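Structural description and commentary
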Amino acid sequence: MQQMGAREDVTVGILALQGAFAEHQVMLQKLSVKRRIVIVLVRTEEDLHKCDALIIPGGESTTIALLARLAGLLGPLREFLKTKPVWGTCAGAILLAQSIEGAKKGGQELLGGISVSVGRNGWGSQASRIRNVVESFEAPLEVEGLRDSARPFHGVFIRAPVILALSPSPTDPPIQILSRISTSLLPQSQTLVPHDEDDTDPRDAGTVVALRQGRHLLTTFHPELTKDDRFHEYFVRECVLPSLV
Ligand code: GLN
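Residues numbered from 1 in each chain as written. Predicted model: local features only at pLDDT ≥ 70, side-chain atom pairs only at ≥ 80, totals over all residues. Heavy atoms only, no water.

Once that is clear, we can look at the overall build of the chain. Along the backbone of the chain there are six helices and twelve strands. Considering the chain as a whole, with its 245 residues, one finds that 49% of them fall into the buried category. As presented, the chain carries roughly 11,900 Å² of accessible surface, and 51% of it is formed by carbon and sulfur atoms. (Helix = DSSP H or I, 4+ residues; strand = E, 2+ residues; numbered from the N terminus. Buried < 20%, exposed > 50% of the residue type's maximum accessible area, 1.4 Å probe, protein only. Areas by Shrake-Rupley, 256 points an atom, 1.4 Å probe, with all protein chains shown as cover.)

Let us look at the pairing of strand E11 (residues 208-213). Most of E11 is tucked away: six of the six residues are buried. In this sheet, E11 lies alongside strand E10 (residues 175-180) in antiparallel orientation, the contact comprising five bridges. Looking across to E11, one finds that serine 179 is bridged to alanine 210. In textbook terms, the turn of a hairpin is the stretch between consecutive antiparallel strands, and for E11 and strand E12 (residues 216-219) this stretch comprises two residues, one of which, glycine 214, has a positive phi near 60°. (Pairing = 2+ DSSP bridges.)

Cross-referencing UniProt, the feature "binding site: L-glutamine" (unreviewed entry) maps to Gly59, Glu60, Ser61, Arg120, Ile158 and Arg159 in the present numbering. A compact arrangement is adopted by the annotated residues: their sequence extent is 101 residues, whereas the largest C-alpha distance between any two is 12.7 Å. Once residues lying within four places of it in the same chain are set aside, the contact partners of glutamate 60 are Gln18, Ala91, Arg120 and Arg159. Polar side-chain contacts of glutamate 60 include one of 2.7 Å to the side chain of arginine 120. Note on placement: arginine 120 falls in the loop between strand E6 (114-119) and strand E7 (136-141). The exposure class assigned to arginine 120 is buried, which follows from its relative accessible area of 14%. Setting aside chain neighbours within four positions, we find arginine 120 in contact with Glu60, Ser61, Thr62, Ile94, Glu101, Gly102, Ala103, Lys104 and Gln108. (UniProt positions renumbered as here; feature names shortened; annotations may be inferred. Contact = heavy atoms within 4.5 Å. Polar contact = N/O pair within 3.5 Å; in protein donor to acceptor, adjacent residues only side chain to side chain.)

Of all the residues in helix H3 (residues 61-70), the buried ones are Ser61, Thr62, Ile64, Ala65 and Ala68. Along the axis of H3, the buried residues cluster in a sector spanning 165°; they form a single face. Exposed positions of H3 whose direction lies more than 90 degrees from the buried face are Leu66 and Leu70. Each element contacted by the buried residues of H3 is listed here: strand E1 (9-15), helix H4 (74-83) and helix H5 (91-96). Following H3 by one or two positions, glycine 72 has its phi on the positive side, about 70°. (Arc of directions from axis to C-beta.)

By the burial criterion, the buried members of H4 are Leu74, Pro76, Leu77, Phe80 and Leu81. In an axial view of H4, the angular spread of the buried residues amounts to 160°, which keeps them on one side of the axis. In H4, the exposed positions that point more than 90 degrees away from the buried face belong to Lys82 and Thr83.

In the vicinity of the ligand, the residues found are Gly58, Gly59, Glu60, Ser61, Cys90, Ala91, Ile94, Arg120, Asn121, Ile158, Arg159 and His222. Take arginine 120: an N or O atom from its side chain is 2.4 Å from an oxygen atom of the ligand. Histidine 222 has a polar side-chain atom sitting 2.8 Å from a nitrogen atom of the ligand. Contact with the protein chains removes 98% of the 300 Å² of surface that the ligand exposes when unbound. Its residues assigned to classes, the shell around the ligand shows four nonpolar, five polar and three charged. (Near = heavy atom within 4 Å. Nonpolar A, V, L, I, M, F, W, Y, C, P; charged D, E, K, R; others polar.)

In the UniProt entry, the feature "active site" (unreviewed entry) is given for Cys90, His222 and Glu224. The named residues occupy 135 residues along the chain; their greatest pairwise C-alpha distance, 10.8 Å, places them in one compact cluster. Inspection of the secondary structure puts histidine 222 in the loop between E12 and helix H6 (230-244). For histidine 222, a relative accessible area of 6% corresponds to the buried category. The contact partners of histidine 222, leaving out residues within four places of it in the chain, are Gly58, Cys90, Val156 and Ile158. In this fold, glutamate 224 is placed in the loop between E12 and H6. Apart from residues no more than four positions distant in its own chain, glutamate 224 is found in contact with Ala20, Glu23, His24, Met27, Gly58, Thr89 and His232.

This is the structure:
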């Protein structure tokens, strides 16, 4: 009989300081993959050290960063990103960016880890409701690499960031674009140059809503708020399990 020891398990942490961490937990609990998944809600450095990978949920990036600072987690999280897979959804994606526009007054701390710059609340903020800018919306997405990829993924965007530029240095892992939304859905404030066939052309970063760089994954929307587990499966299958061997 096969021995079920710790080596058979994969431990996925979810940063549980604020935001939609419980929804990610539910998705992971239901997931069927090759290995048993142990879930850790990460609130301390000790929790983080148990993890093979981490999900940073959506919520409010400024609040998550502040609570991470208070918990003494900013440094350990930056170290974790250097060797282990991390997936950021929405606010989590902002934290993983190298730089942002529209940061909170006085600045806001980022973890970095993915070579992109993002516009916070790029589709509109709470205040933009008055100006009739759509801040939150849903859109069907074609996503490369998902199980059953011909079936669109339902993208839920809630005051989501817009990717402004992809800027990997020559020594960074290349960025693989997994999904773009149609240009017609872009907010009018985003000026785009004509589409270039080169997928990593930073000039048309604005339509990119899901990407992968090395072992890290970034989605500007919320897969955990759907009933579709394909992104969670993708993260475990493509980013987490290969990093264990
Ligand atoms: N606008 C939020 C922020 O700046 C992100 C929103 C979300 O995660 N749904 O953190």
